[in-house]
Amino acid sequence: NSSNNNSSSSSSAPHQTAKAKCKAPPLRETAKRDDHGASSAAKNSSASTSKGNCSEEDGWDDDDGPDQYRGRLGQKEHWQVREVETDDLRYSQRSISPVFKDKSQFSGFMDSVMRGDLDPLKLEDIGLEGIERGRHLHVLHNRRLHCLKELRKNFNFDEQVCKKVKIAVYVGKDPAVIRVLKKKLTTTTNGLKVFVRGGN
């Protein structure tokens, strides 16, 4: 049961003092931009998603780390960094894999947050990016958000545990970029819940 392992691992984490590097998923190489400032990845993804082929396990996976979308889609100034309540953030996908892409466990990420190796208030550590939909912010890195929300729940929503997080929100108007990002919105619960595939 992966959720039990996560809970037990995370609950003991505050008492650990030894520093250890989190096995965070690697960054991908930033795509080159054309003369109009649009990334080639945006064009390619736009073409594939327009056919309805964008899935949760394709090349636009959600755990590649900081700048995955900012480095590929639109221009840097079209992304606004905000500090928000973790509990207010919503998922973009209806389901997630029970591990990160490099097969590392959620518990390792959660333990690193509790030890202070990863700081939710440092965008370069957690790397959350999102898109607004109505009055809500939907996060594109669903596994990372799931870990933060699980920590909040495991510690009874303690004020000191991951209460706030930094997130980069797309505020640009490029239709191609918006189309690509909105294709990530597969949630059927308006982002309130996410199903962990293979879990109980």
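Refer to the structure printed above.
Notes on the structure in this doc start here.

Here is what the cut-offs are and how they apply
- Once a new chain begins, its residue numbering starts again from 1 and follows that chain's sequence as written.
- Owing to the predicted nature of the model, reporting of local features is limited to residues with pLDDT of at least 70; listing and counting of side-chain atom pairs is limited to 80 or more, with chain, interface and lining totals taken over all residues.
- Values reported for side chains reflect all heavy atoms of the structure, with hydrogen atoms and water molecules removed beforehand.
- Take the buried residues of types Ala, Val, Leu, Ile, Met, Phe, Trp, Tyr and Cys, join any two whose side-chain atoms come within 4.5 Å, and each joined set is a nonpolar core.
- Relative accessible area decides the class of each residue, using a 1.4 Å probe on protein chains only: under 20% of the type maximum gives buried, over 50% gives exposed, and in between gives partly exposed.
- Comment: elements are numbered from the N terminus, with helices defined as DSSP H or I runs of at least four residues and strands as E runs of at least two.
- A pair of strands counts as paired when DSSP detects no fewer than two bridges linking them.
- Should any heavy atoms of two residues lie within 4.5 Å, those residues are considered in contact.
- Orientation is described by lines fitted to C-alpha atoms, with helices fitted over the stretch in contact, and by angles between N-to-C directions that extend from 0 to 180 degrees.
- Two rings belonging to Phe, Tyr or Trp (six-membered ring only in the last case) form a pair when the distance between their centres is within 6.5 Å. Interplanar angles under 30 degrees mark stacking, angles over 60 mark edge-to-face geometry, and anything in between is tilted.
- To estimate the expected span of a helix, subtract one from its residue number and multiply by 1.5 Å.

**Regarding the nonpolar core**
- Core analysis: the biggest nonpolar cluster contains 25 residues, and Leu89, Phe109, Val113, Ile126, Leu128, Leu148 and Ile167 have the highest contact counts within it.
- If you list the elements that add at least two residues to this core, you get helix H3 (106–115), strand S5 (136–139), helix H5 (142–154) and strand S6 (164–170).
- Formed by 12 residues, the second largest nonpolar core is a distinct cluster that contains Trp79, Leu123, Tyr170 and Leu185.

**Digging into the sheet that holds S5**
- Read from one edge to the other, the open sheet built from five strands follows the order S1-S6-S4-S5-S2, with strand pairing classed as mixed. Where the open sheet ends on each side, the last strands, each with one partner, are strand S1 (79–85) and strand S2 (90–91).
- Sheet analysis places S1 next to S6, joined by seven bridges and oriented antiparallel. Bridging across to S6, Glu83 finds its partner in Lys166.
- Running over the sheet, helix H6 (residues 175–182) touches S1, strand S4 (128–133) and S6 and is turned about 130° from S6.

**Observations regarding the packing of aromatic side chains**
- Applying the stated criterion to the full structure yields three aromatic pairs.
- Measuring from ring centre to ring centre gives 5.2 Å for Trp79 and Tyr170, while their planes differ by 65°; the resulting arrangement is edge-to-face. Taken together, the residues span a long stretch of sequence, with Trp79 in strand S1 and Tyr170 in strand S6 at a distance of 91 residues. Residue Trp79 shares its accessibility class with Tyr170, and that shared class is buried.
- Ring centres 5.3 Å apart and planes at 75° place the aromatic pair Phe100 and Phe106 in the edge-to-face group. Side by side, Phe100 and Phe106 carry an identical accessibility label, which is buried.
- Site record: aromatic cluster; members linked through ring pairs are Phe100, Phe106 and Phe109.

**Section: H5**
- Between its first and last C-alpha, H5 extends 18 Å over 13 residues, near the 18 Å set by a 1.5 Å rise per residue.
- Of all 13 residues that make up H5, 11 are buried, and the element is covered over most of its length.
- Taken residue by residue, H5 has Asn142, Arg143, Arg144, Leu145, His146, Cys147, Leu148, Lys149, Glu150, Leu151 and Arg152 as its buried positions.
- Asn156, located one to two residues past H5, shows a positive phi value of around 50°.

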